Amino acid sequence: MSDADREWVDTVRQRLIALGQTSAGERVLIAASALALSVFVGTIIVFVAGLVATCRDPVLTMGGTTLCYDPFFVFDRLFLGALGDPLAGGWSPLNPQFALTLRETTVLVFTGLSVALAFRAGIFNIGTQGQLVVGGLLSALTVLWAAPLLSGGLGAVLLVPLGVTAGAVGGGAYGAIPGALKAYAEANEVITTIMLNFVAVLVTRYLVTGPFGDPNSQANQTPPLPEVGQFPSVVFDPRTDFSLFALLLAFVFVGGLYYLLAYTAFGYDLRTAGIQPTAAEYGGVDAARTIVASLTLSGAIGGVGGAVYVMMILGKFQTGVPSYGFDGITVSILAGNNPLGVVFAAALFGVLKSGSTVVAFATNVPPQLVGVLRGLIILFVAMPEFFRLVGRRLAAGQEETGAAAVGGGADD
Amino acid sequence: MTDLLDGRPSGRLLVAGVAALVFVALGVAALVAPESQVGRLFGIVVSASTLAATLRLSVPIVFAAIGGIFAEKSGVINIGLEGLLIISAFTAVFGADLTGSLWLGYLVAVVASTALAGLFAVVCIEFRADQIIAGLAVWLIALGLAPFGSQVIYGGPNTKSVDTLGTVTVPVLSDVPFFGALFDASPAVYLMFLAVAVGWYTLNRTTFGRWVRAAGENPKALDTAGVDVSRVRYAAVLLSGTFSGMGGASLAFSIGQFTGNGPTMVNGKGFIAIVAYLFGNYNPVGALLSTALFAGLDAVQLRLQTTDLYALPDSLVQTIPFVAVIVVLAFVGKTRLPEAAGEHYESGEE
């Protein structure tokens, strides 16, 4: 390495450090503001939807118009409902709704980490959904195949790790495809990963309706996994389909990824490639290899998410996998692509997903509301300039309504 | 045609050449053995009903692709075309249901899609958002909002049914074998051809088109010439919403309903549109031709599902268009983006 090269690398390192330090606080602030703004816009949407919808018992009637949904009640249910009403008496953290929140959070940590890792390498992995689907199916098939071979205690100890590994292998291999296409054919990964999501859904549908389908069921699914091939529930009621072991595994992945990114040579190469690809290559980073490795690893994490979904929640593989992968994009962006931030963003999104079922039950507001919030959050986090502008106006003490007007313009 | 091959000739030529070779090989095999499987496959490929289906399937993709060309040529990569198609497909049906008129529904869809594109433009141009992330947000917002709206208004992810656009049949010409399908088609198909012509003319032969290209290639020069770069970009992005709106409305009115389960009825067409215009080298005519390739494959796979020609399962046959997109993208490789695409432009005067 020549002196000039070292200088380059040093510059990049300084930029990295600067990026990490100066903007951490600001990023948290922007994420929080984006979230608040999303909830605000969501409230307006619920209000408008309440005016449009027809219902038997409106919450408000004014003249000829009726309001079917109470936006405040909706968001009360969304957040407090997801936790199992902590403000009411006799609250226990073991309540089934809170277990559902933790369950969703667990899968979302994996998909969030998957997207975040790729983002750090400067790669948009929109394919976590497909990688999760492939990993989930491979893990189910592996457990079904291995279960008869491993009897008694051996099965209880080995089946779950085996399934998790299979998920990682499936997701990793499926992530390697767009990685290789990007590295060696310069095919844009945003498009290839989205196309591969469609392919994953269709191919797995074929596999579970045809060769690996459950002969005893009409649904497109594999036969059910044996009890020993699923994450055991501890403390929580087994009926909640939540296992603390899976959440623990998620935390292990968070720690592992944090360490990988911050303290290893590979993590350094990966981040450098993400921030300054030409400088990275100049500094001796093999760009093509880093791209393939990042997407493979990203896919593997998504695949483990699929394994957890199959072995903790469903107990089999079934078509129509919920869009954890797309939620993972929001989780990662909200977390500033930081592994530790992913925990909080995933918990928040777990609340939204779990809360949406409470909302649908209590108010008739469609659970697709969360889908809308998912997009809004990404949009608002993507425009930090807006919040800086508002922040500057507030700081300058200009009590102009200008900022509010700008906000209104961006909301519609 | 030369325009189509400008970018990196090798990849484009290769794909076009292979497609042509496969077609010729099929034809020769069909001549030698008309009753063989290959012969019957060729019969399906060159049937008028396959051409009709290809045209029908092309409509939303071509509209979105033309819109995408305008946005990207001006320097704003609009990866949210899928979202624009979704929102317009839903609002088209809602508007038609509300007003009782398909063409008013069409208008509602165009307005809704243009408004969403406007939001995207503000976020990208005013607040300097990362264009890719903002585009993904547009897609995800529409993916949530349309089924949400359908659930609120119609009580399910699928809307009620409205009329379809029907077909306009040109007498005599529609009786021509094979090409007759061109003259016995939905008004949306004719609109699509018109949009290609208008899009090409606007981009290549008008002052506005020159501004759009300059805003993407050399915004500083445009600024120096006294043209507001931001305004040109706003106009181009709004246009991408208008074209996509026509595409989404045409899609919904081809069956007279919006279906919102999973990826909705749009099902990746907006993303395929992006590949179509990349493969078509940002030329509306090129985009039309490459869309015809993807939509043609889709039409053939739809026909294959209804015949017993091959015992391939439907799910696998349905992957053909998606795999084709990936293969094309891999062969075309890196396309030459407009110089300033994806970058925010700051006028020196501020």
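Thresholds applied
Residues numbered from 1 in each chain as written. Chains lettered and ligands numbered in written order. Predicted model: local features only at pLDDT ≥ 70, side-chain atom pairs only at ≥ 80, totals over all residues. UniProt positions renumbered as here; feature names shortened; annotations may be inferred. Helix = DSSP H or I, 4+ residues; strand = E, 2+ residues; numbered from the N terminus. Rg over C-alpha atoms; globule rule 2.2 N^0.38 Å. Buried ≥ 20, exposed ≤ 12 C-beta atoms within 10 Å, placed from the backbone. Contact = placed C-beta atoms within 7 Å. Nonpolar A, V, L, I, M, F, W, Y, C, P; charged D, E, K, R; others polar.

- The name an unreviewed UniProt entry gives chain B is ABC transporter permease, with Haloarcula rubra as the organism.
- Per UniProt, chain B carries the Subcellular location (unreviewed entry) text "Cell membrane".

- Naming follows an unreviewed UniProt entry, where chain A appears as ABC transporter permease of Haloarcula rubra.
- Listed under Subcellular location (unreviewed entry) in UniProt, the entry text for chain A is "Cell membrane".

## Description of the overall build of chain A
1) Next: For chain A, the helix and strand inventory stands at 16 helices and two strands.
2) Next: Against the globule reference of 22 Å for 412 residues, chain A gives a C-alpha radius of gyration of 23 Å, in line with a compact fold.
3) Next: For chain A, the spread of C-alpha atoms along the three principal axes comes to 65 × 65 × 40 Å.
4) Next: Looking at chain A as a whole, 53% of its 412 residues are labelled buried.
5) Next: Summarising the internal contacts of chain A: among those between residues at least 6 apart in sequence, 75% fall at separations of at least 24.

## Notes on the interface of chain B and chain A
1) Next: In this assembly, 41 residues from chain B lie in contact with 41 residues from chain A.
2) Next: At the level of secondary structure, the elements contributing two or more residues to the side of chain B that touches chain A comprise α5 (102-126), α6 (131-154), α11 (269-279), α13 (314-317) and α14 (320-332) of chain B.
3) Next: The biggest single contributor to the side of chain B that touches chain A is α6(B), with 15 residues.
4) Next: Its residues placed into classes, the side of chain B that touches chain A shows 31 nonpolar, seven polar and three charged.

## Observations regarding the environment of A:Glu385
1) Next: With respect to the helices and strands, A:Glu385 occurs in helix α15 (residues 384-395).
2) Next: Taking the C-beta count within 10 Å as the criterion, A:Glu385 has 15 such neighbours and is therefore assigned partly exposed.
3) Next: Considered as a pair, A:Glu385 and A:Ile30 are 355 residues apart in the sequence and their alpha carbons are 9.5 Å apart.
4) Next: Apart from residues lying up to four places away in sequence, A:Glu385 is in contact with B:Phe127 and B:Arg128.

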